[in-house]
Amino acid sequence: MSQFEFEAQNPAGQPIRGSLEAPSADAAAGQLRSLGVNILSLRPLAAVAQRVSLGAVDVEQFNEQLLHVASANLPLERGLDLLAKDMRRGRLRNAVEALSADLRSGQSLEQAVASRQAQFPAIYSKLLDAGVKSGDLVGVLHGFGRHLATVARLRQELWRACAYPLVVLVAFGLLMIFLSYWVLPQYFALVASLVYGSYDFGRLFRGTSALPRTVEIPPLAIAMYWFGRAMPYLLGGLAVAGTATGVAWLLLRSVGRERRWVDAVILRLPLVGGAIRHSYVARWTNALAIAVRSGLDLPRAIDLASQVVALPSFERDGQAMIETLEQGRTLDACPPLKRLPASLPPAIALASSAGNLPQVLSALAVQYEQHADRRTRLIPATIVPALVVLIGLTAGAIVYSLWVPMVRLLQSLTF
């Protein structure tokens, strides 16, 4: 027996809420109908209790499976039931089972998804509604799936571009720690033993009068030694800064202000900020193309695209474009935008007048994705050569630090 939560109306029109046990959703619905009530919603209680957010991979997988069901012209509730049986136990299967129960209770697909805003993206139900009303649900699902794949690819490329220089930097820091704590001290101790007969290499740094002038340790060698000694603190500071940033992000996300932080800080960073900004432009344009193709009018499509990105600056740009259209003017007269490219509103206006707006928006989305890719590739292309130069100079300094004192010592003993 399973438990189900229901919302209904009695013959007098008064709302009724509660739960009941039944072997299946159909049996639960039969029990309620036998009582003469009008069922508004019926869903498994376990699914209601587990309204956890679906990850990006889960949403993409669900959209792909729903696309297969819609393409096969199967009843959605029956198709979702079949999908759930093929899935392993987990949050995605729970969500699919709950959606199927909602559809059997009489809710539409967009209503069922909209009631689960904690699980699905906020704009997903609106896209489904537009796809159903336009009779092109398959096209909308296909476009949204491409959008999700594009977002995932851009994120992966951005993380990969930033991760490689970071790994090189950490490896360089560990190398300096090894040299400063194990290699250089032993070498300096060896030089001190040859000069003083003692392994107290601190006397080399103090430069006592008993030390021959020609055997003094070069300042560069001493600097390399102390630089390596300071490296644990530098790496520790980097780790603390990364941890603090992650904690701050979680705190901002808990109060719904993380987008403002991205808008005000992340997008202004050199190199990385430019790549992220172009990535958001590609997402906005791609979402606009999906919304227009689903049959939404241009102001609603612009509003939906702004909700997809959900950054204050993009929302302001979208609102400026909507206000321009509501005033009866074309987007050629749109005021200057902050984040979106200045060429985008005239391009939309021209495509609207030519009647090929979906095709133009799709082409622009691909163009902006390519811009984001180029910006992303610029990150390692700029940082890695700088790190290579740094490592090369450090290696030369280390060789100099090890070689020069020994040569000077041999020269002092020879002459």
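This is a predicted model, so every value here is computed, not measured.

Visitor: Help me out: how do you make sense of the overall build of the protein chain in this one?
Guide: Assigned secondary structure in the protein chain consists of 16 helices and three strands. Burial analysis of the protein chain (415 residues in total) assigns 42% to the buried set. Only carbon and sulfur atoms are counted for the fraction: they give 60% of the accessible area of the protein chain, which is about 21,500 Å².

Visitor: What is the right way to look at unusual backbone geometry in this model?
Guide: Keep in mind that most residues, glycine aside, have a negative phi and that most peptide bonds are trans. One non-glycine residue with positive phi stands out, namely L271, at about 65°. Looking at the secondary structure, you find L271 in the loop between helix 11 (258–264) and helix 12 (272–293). Backbone geometry places A310, a non-glycine residue, at a positive phi of 60°. Relative to the assigned elements, A310 resides in the loop between helix 13 (298–309) and helix 14 (312–326).

Visitor: Would you mind going over a nonpolar patch on the surface with me for this structure?
Guide: On the surface, a cluster of nonpolar side chains totalling about 390 Å² of accessible area is made up of L166, L169, V170, L174 and L238. Element by element, the count of residues in the nonpolar patch is highest for helix 8 (residues 137–196), at four residues. By secondary structure assignment, the location of L166 is in helix 8.

Visitor: Is there a simple way to explain the nonpolar core in this structure?
Guide: The biggest cluster of nonpolar side chains holds 73 residues, and the ones touching the most others in it are F62, L66, Y124, W284, L288, M321 and I348. It is helix 12 that contributes the most residues to this core, 12 residues altogether. Beyond its immediate chain neighbours, meaning those up to four positions away, L288 contacts L298, A301, I302, A305, I348 and L361. Judged by nonpolar contacts, the second largest core, of 11 residues, contains F6, A22, V37 and I39.

Cut-off values and rules
- Residues numbered from 1 in each chain as written.
- Predicted model: local features only at pLDDT ≥ 70, side-chain atom pairs only at ≥ 80, totals over all residues.
- Heavy atoms only, no water.
- Helix = DSSP H or I, 4+ residues; strand = E, 2+ residues; numbered from the N terminus.
- Buried < 20%, exposed > 50% of the residue type's maximum accessible area, 1.4 Å probe, protein only.
- Areas by Shrake-Rupley, 256 points an atom, 1.4 Å probe, with all protein chains shown as cover.
- Patch = residues over 30% accessible without salt bridge, like charges linked within 9 Å, V, L, I, M, F, W, Y side chains within 5 Å.
- Salt bridge = Lys/Arg side-chain N within 4 Å of Asp/Glu carboxyl O.
- Core = buried A, V, L, I, M, F, W, Y, C linked by side-chain atoms within 4.5 Å.
- Contact = heavy atoms within 4.5 Å.

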